[in-house]
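One-letter residues, chain by chain:
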Amino acid sequence: MYTTKKKYIFVVFTAQLLLITTIWGCSYNKTSPDILYDQQIATPLNPQTYRSDCDTLLITCIDYRYAVANQEFINETLGLKDNYDHISIPGSIYNLVNPETQGLLFSKFELSVRLHLIKRIVIISHIDCGAYGGSASFGSEIAERETLITDLTNARRLLIEKYPTLEVNLYIESLAKEGDGLKVNFEKIP
Ligand SMILES: [Zn+2]
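To keep things clear, this report deals only with the structure shown in the data block. (Residues numbered from 1 in each chain as written. Predicted model: local features only at pLDDT ≥ 70, side-chain atom pairs only at ≥ 80, totals over all residues.)

Things to note about the pairing of strand β1 (residues 56–60)
Right, so step 1: Of all five residues that make up β1, five are buried, and the element is covered over most of its length.
Right, so step 2: Neither face of β1 is open: one carries Thr56, Leu58 and Thr60, the other Leu57 and Ile59, and all of them are buried.
Right, so step 3: Note: β1 against strand β2 (residues 84–88), five bridges, orientation parallel. Pairing of Ile59 across the sheet is with Ile87, part of β2.
Right, so step 4: Between the parallel pair β1 and β2, the chain is carried across by helix α3 (residues 67–77), and the sense of this crossover is right-handed. (Buried ≥ 20, exposed ≤ 12 C-beta atoms within 10 Å, placed from the backbone. Helix = DSSP H or I, 4+ residues; strand = E, 2+ residues; numbered from the N terminus. Pairing = 2+ DSSP bridges. Right-handed = clockwise from strand over helix to strand, strands pointing away.)

In C-alpha cells form, the structure reads like this:
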C-alpha cells in the first residue's frame, strides 16, 4: 500500500519534526527566563488523578488545528477529564497499520495498557492529514474517507488481536464552516 521510499521519507520527517520541536522548545525557554526563573507555576490536579490507573488511551494526530477540539471532545463530550493517557503522533494510527513501523507504536501503547490498566482506546483520525499527503493526495473526498475508515478499522482489528479485552472506539474529525469561523465535527465509525 505504501512504497518503501514514502515510508522512509515519513519516518525521517517525523524524526526531524521531533528534533525541531525539541530544539524550538529549548530556544523558547532560553528566551523566556521570566517564566522559568522568576515565577512558580503550578497547575492544580484533581485528587482522583493520584491513583495509578486510568480508563482510556487517546491516540490522535499532532495537527494543531484539532488540538483544542480534541481536548474538549475527550474531556467534556466523552467525560474522561483526568482519566486518559494521550499519545499524539503524526497521522494518528497511520504508522500502526504499516507493518514496518507498527512494532514501535505497539511498544509505546503497551506502556499505557500494562502500567495504567486502560479499558479502552479512542482513536481519532482527521481529514486533510499531512501524514497522508493531505486531502489533495486522495483525488476525492470519498476516497479519502474510505482510506481513513480502512486504516481505522484495521488498527482496531490489530489492537483487539493483541488486547482482546479492550474496547476500541474510532472517530474521524473534519473542519466545517460555521458562520465566519470553523468548527470541528466528530464522526463515530462503527
Ligand atoms: Zn494529521
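Considerations on the environment of Gly134
Right, so step 1: Counting through the fold element by element, Gly134 comes out in the loop between β3 (120–126) and α5 (141–162).
Right, so step 2: Looking at Gly134, the number of C-beta atoms within 10 Å reads 12, which means it is exposed.

Points about the sheet that holds β2
Right, so step 1: With mixed pairing, the five strands of this open sheet are ordered in space as β2-β1-β3-β4-β5. Of all strands in the sheet, those bounded by a partner on one side alone are β2 and β5 (181–189). Each strand axis lies, on average, 20 degrees off the axis of its neighbour in the sheet, ignoring direction.
Right, so step 2: Sheet topology places β1 next to β3; four bridges connect them, and they run parallel. By the bridge assignment for β3, Leu58 is matched with Val122. (Axes fitted to C-alpha atoms, helices over the stretch in contact; angles between N-to-C directions.)

Comments concerning the nonpolar core
Right, so step 1: In this structure, Leu57, Ile93, Ile121, Ile123 and Ala155 are the most contacted members of the largest nonpolar core, which totals 31 residues.
Right, so step 2: Elements that contribute at least two residues to this core include exactly β1, α3, α4 (102–116), β3, α5 and β4 (167–178).
Right, so step 3: In this structure Leu57 touches Tyr84, Asp85, Ile87, Phe109, Ser112, Ile118 and Ile121, once residues within four positions along its chain are discounted. (Core = buried A, V, L, I, M, F, W, Y, C linked by C-beta atoms within 7 Å. Contact = placed C-beta atoms within 7 Å.)

With respect to α3
Right, so step 1: Taken together, the buried positions of α3 are Ala69, Asn70, Phe73 and Ile74. Seen end-on, α3 carries its buried residues on one side only, within an arc spanning 125 degrees. Facing away from the buried side of α3 by more than 90 degrees, the exposed set consists of Val68, Glu72 and Glu76.
Right, so step 2: Looking one or two residues past α3, Gly79 carries a phi angle of roughly 65 degrees, positive in sign. (Arc of directions from axis to C-beta.)

Quick word on unusual backbone geometry
Right, so step 1: Backbone geometry places Ser92, a non-glycine residue, at a positive phi of 55 degrees.
Right, so step 2: Positive phi, normally seen in glycine, also occurs at Leu117, with a value near 55 degrees.
Right, so step 3: Its location among the elements puts Leu117 in the loop between α4 and β3.
Right, so step 4: In this structure Leu117 comes out as exposed when scored by C-beta crowding, with 11 C-beta atoms within 10 Å.

Quick look at α5
Right, so step 1: Between the first and last C-alpha of α5 there are 32 Å, a value that for 22 residues agrees with the 32 Å anticipated at 1.5 Å per step.
Right, so step 2: The complete set of buried residues in α5 reads Glu144, Leu148, Asp151, Leu152, Ala155, Arg156 and Leu159. An end-on view of α5 places all buried positions within 135 degrees of arc, on one side of the element. Opposite the buried face of α5, by more than 90 degrees, sit the exposed residues Ile142, Ala143, Glu146, Thr150, Arg157 and Glu161. (Expected span 1.5 Å × (residues − 1).)

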